[in-house]
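Coordinate inspection notes
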Amino acid sequence: MNIRAQEQTTTASERDMANAIRALAMDAVQKANSGHPGMPMGMADVATVLFNRFINIDPAAPAWPDRDRFVLSAGHGSMLQYAIHYLLGYADMPMDEIKRFRQLGARTAGHPEFGHADGIEVTTGPLGQGISTAVGMALAERMMAARFGPRLVDHYTYVIAGDGCLQEGISHEAIDLAGHLKLSRLIVLWDDNHISIDGPTSLSTSMNQQARFKAAGWDVQAVDGHDMGAVAAAIEKARKSRKPSLIACRTIIGKGAPNMQGSEKTHGAPLGDAEIAAARANIGWAHEPFFIPENIASAWRAIAARGAARHDDWKIRHATAPRRKAFDAAIEGEMPASVARALATFRKEHVEKATKVATRKASEMALTAINAATALTVGGSADLTHSNLTVTKGMESVTPGRFKGRYIHYGIREHAMAAVMNGIALHRGFVPYGGTFLVFTDYARGAMRLSALMGQRVIYVMTHDSIGLGEDGPTHQPVEHLAMLRATPNVNVFRPADIVETAEAWELALTTTDRPSVLVLSRQGLPMLRENHARENRSARGAYVLREANGARDVTLIATGSELEIAKAASDRLAAEHGIRAAVVSMPSWELFEQQDKAYRDAVLGTAPRVAVEAAARLGWDRWIGADGAFIGMNSFGASAPAGDLYRHFGITAETVADAALDLVRSRKEQS
């Protein structure tokens, strides 16, 4: 652990242990000249009680499946977590990392980031995301316990949240869902310090948070956050509740800094050398920066030893558990071979039948095969189950106190749905998918971005993907959303054109474990475009030549989703009426196509002029069509009318595509 020793004969008190957090937070923020010391100093007492008396984690085995989960939802106070990790003895958190707080390449990033350091369960910082993701973790714990019993699954999810977390809209959605489902193993410790960046919270809110949580079905207590006995008693009571619990901890931000505590001045800036010296004197911390006395270090190490003993006990239970192999497979999360076999059979069957269905229906049909082949998948929808078609035969619903089901009714809570799915994925044991309309990615965006940032296998089933949804009009017709999703790093976006591409997209989404996938699906029926079954998953390369030109290409038509049939019809028209040889390229996933080598990309795109057609915004398409290419799509919002009328009104037709291609071919001939 590399903590400098100092001869001490006294046993450290919990107050001493808390002051170690305060000192490290002050020192690290000061050295970095950046950060948020106020929250770690204010919540040090609460956090010390939680870790010293209750939480079960093993720093030597940070991924132990039955560990308690700790979520620092108020991620700006990251030095609270880093200080605790150092004190507990996490191998990847030596004092040098504390000294490198907020520096390039340091594990001690400005906000806690999943994967950057052991023991960080979730990336937080965007307020409200942590508490909402924790709801997913607590839900996954209950669902795993329902399947495997308390012998293997018996842990709590603890959250430290601030006023900002509770003010963000996503928290309202997640709190409501958690209360409805009676997630009794979820305990939120609210840093009730009455301060936000601008000043007192009274500047912007009069919300009675305790009444709000009670109304949502939570058990609620209020304590002095600096009375360690009261905090411990509240946590003990919360652990016995049959409801999720909120403990309102009345604290003083920057506790210990005599001239600044209780003020927003301690929130987001270093205290300064003079105030740090005064704080050291005030809390009785007569030690140089970044120094922890041995007796205090030993007290924190005892927490780690207790966690290791609990882990050892669990390993004994695990070794004799009848369902340990199934449990381990669920935690590992690898798709069984039966899924690939089921989807291969599915694709062959529907090519032979030339099945014509909307890709949202194709998704439901593929899911029927998938959900029968594996128990790993957990579905859901934001109150659009029978529009998204995300439930399959035999799936039972998750309901309050009954967690053996595989289908979650998220209600009209798109943002919380995405965050809860992040929590389920982070917990391990399931592969979550959830549906809404593509246009409502606007509502889910914050949590979807974190899916990508954390590299989690979360599958978003986004239906009603264009003006093709028809009469619901421009409020529901996505135009810019594909561009937004494609611009987000570490996301695979699939817009399949028929039932076969839809099944291929599902297979790729399920087997890609380091990022989320978004399946963008049509409301309207689409024809089968593959002429022959192939064992290869052609969508895996992102784009492919659906139909090559009869001879040297005069033009290449590129399309995705529902517009691929339009491109194919335009190709037929060009050949029949003008003798123009047009290749047709399907591009279901830009991201996967970008990963192919240059030779493959060049072979698919060709050297002839290119026309792209997609009922969405042009942004990004010029990369594929080149400076001289043409784009047929949307350059405005949609309108309310039947789908066919809209396609004609906005000029997304085979005739328009053919005319654009003809103009390019003529222009190329004139230039040559």
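Refer to the preceding data block for the structure.
All of these numbers come straight from a predicted model, not from anything done at the bench. (Residues numbered from 1 in each chain as written. Predicted model: local features only at pLDDT ≥ 70, side-chain atom pairs only at ≥ 80, totals over all residues. Heavy atoms only, no water.)

1. Some thoughts on the pairing of strand β6 (residues 219–224)
The pairing of β6 with strand β7 (residues 245–250) spans 6 bridges and is classified as parallel. Paired with Ala222 across the bridge in β7 is Ala248. As for the winding sense of the linkage, the β-α-β connection from β6 through helix α9 (residues 228–239) to β7 is right-handed. (Pairing = 2+ DSSP bridges. Helix = DSSP H or I, 4+ residues; strand = E, 2+ residues; numbered from the N terminus. Right-handed = clockwise from strand over helix to strand, strands pointing away.)

2. Description of the sheet that holds strand β9 (residues 377–381)
A sheet is described by the order of its strands in space; here 6 strands give the open sequence β10-β9-β11-β12-β14-β13, paired in parallel fashion. Of all strands in the sheet, those bounded by a partner on one side alone are β10 (407–409) and β13 (492–494). On average, adjacent strands in this sheet sit at an angle of 20 degrees to one another, irrespective of strand direction. One ladder, built from 4 bridges, connects strand β12 (residues 459–463) with strand β14 (residues 517–520); its direction is parallel. Within β14, the position partnered with Ile459 by the bridge is Ser517. (Axes fitted to C-alpha atoms, helices over the stretch in contact; angles between N-to-C directions.)

3. Observations regarding the packing of helix α2 (residues 38–53) against helix α11 (residues 294–320)
In the contact formed by α2 and α11, the axes pass within 9 Å of each other and the chain directions differ by 45 degrees. The angle between the axes of α2 and α11 places the two elements in the oblique class. Residue-level inspection shows Thr48, Phe51, Asn52 and Arg53 of α2 in contact with α11, the latter providing Trp300, Ile303 and Arg306. Taken together, the residues that form the contact of α2 with α11 break down as 3 nonpolar, 2 polar and 2 charged. (Parallel < 35°, antiparallel > 145°, perpendicular 65-115°, else oblique. Contact = heavy atoms within 4.5 Å. Nonpolar A, V, L, I, M, F, W, Y, C, P; charged D, E, K, R; others polar.)

4. Side note on the packing of aromatic side chains
Applying the stated criterion across every chain, the model contains 14 aromatic pairs. Here Tyr156 and Tyr158 contribute two aromatic rings whose centre-to-centre distance is 5.9 Å and whose plane-to-plane angle is 25 degrees, an arrangement assigned as stacked. Each member of the pair Tyr156 and Tyr158 is classed as buried. Measuring from centroid to centroid gives 5.4 Å for Phe440 and Tyr443, while their planes differ by 5 degrees, and the two rings are stacked. Taken together, the ring pairs connect Trp590, Phe593, Tyr600, Trp621, Trp624 and Phe631 into an aromatic cluster. For Arg486, the ring lying beneath its charged end belongs to Trp590, and the centroid distance is 4.0 Å. (Phe/Tyr/Trp six-rings, centres within 6.5 Å; stacked < 30°, edge-to-face > 60°. Buried < 20%, exposed > 50% of the residue type's maximum accessible area, 1.4 Å probe, protein only. Lys NZ or Arg CZ within 6 Å of the ring centre and 35° of its normal.)

5. A short note on unusual backbone geometry
Outside of glycine, negative phi angles account for most residues, and trans bonds account for most peptide bonds. The backbone of Asp383 sits at a positive phi, close to 65 degrees, despite the residue not being glycine. Relative to the assigned elements, Asp383 resides in the loop between β9 and α15 (385–388). Since its relative accessible area comes to 52%, Asp383 is described here as exposed. Positioned with a positive phi, Asn490 is a non-glycine residue whose angle comes to about 60 degrees.

6. Overview of the environment of Arg100
In this fold, Arg100 is placed in the loop between α4 (95–99) and α5 (129–148). Separated by 71 residues in sequence, Arg100 and Val29 have C-alpha atoms that sit 9.8 Å apart. The residues touching Arg100, leaving out its near neighbours within four places in the chain, are Gly105, Ala106 and Thr108.

7. Examining α5
Spanning 20 residues, α5 covers 28 Å between terminal C-alpha atoms, matching the ideal 28 Å at 1.5 Å per step. The element α5 is largely enclosed, with a buried count of 19 among its 20 residues. Phi turns positive, to about 80 degrees, at Gly149, one or two residues after α5. (Expected span 1.5 Å × (residues − 1).)

8. Some words on the sheet that holds strand β18 (residues 582–586)
The mixed open sheet is built from 5 strands, whose spatial order is β16-β18-β17-β19-β20. Here the strands that pair on one side only, and so sit at the sheet edges, are β16 (544–547) and β20 (630–634). Sheet twist, expressed as the mean angle between neighbouring strand axes with direction ignored, is 30 degrees. Direction of pairing for strand β17 (residues 555–559) relative to β18: parallel, over a ladder of 5 bridges. When the bridges of β18 are listed, Val555 appears paired with Ala582. Along the sheet, helix α25 (residues 654–671) contacts β17, β19 (610–617) and β20; its crossing angle with β19, the most-contacted strand, is approximately 145 degrees.

These figures capture arrangement, not role.
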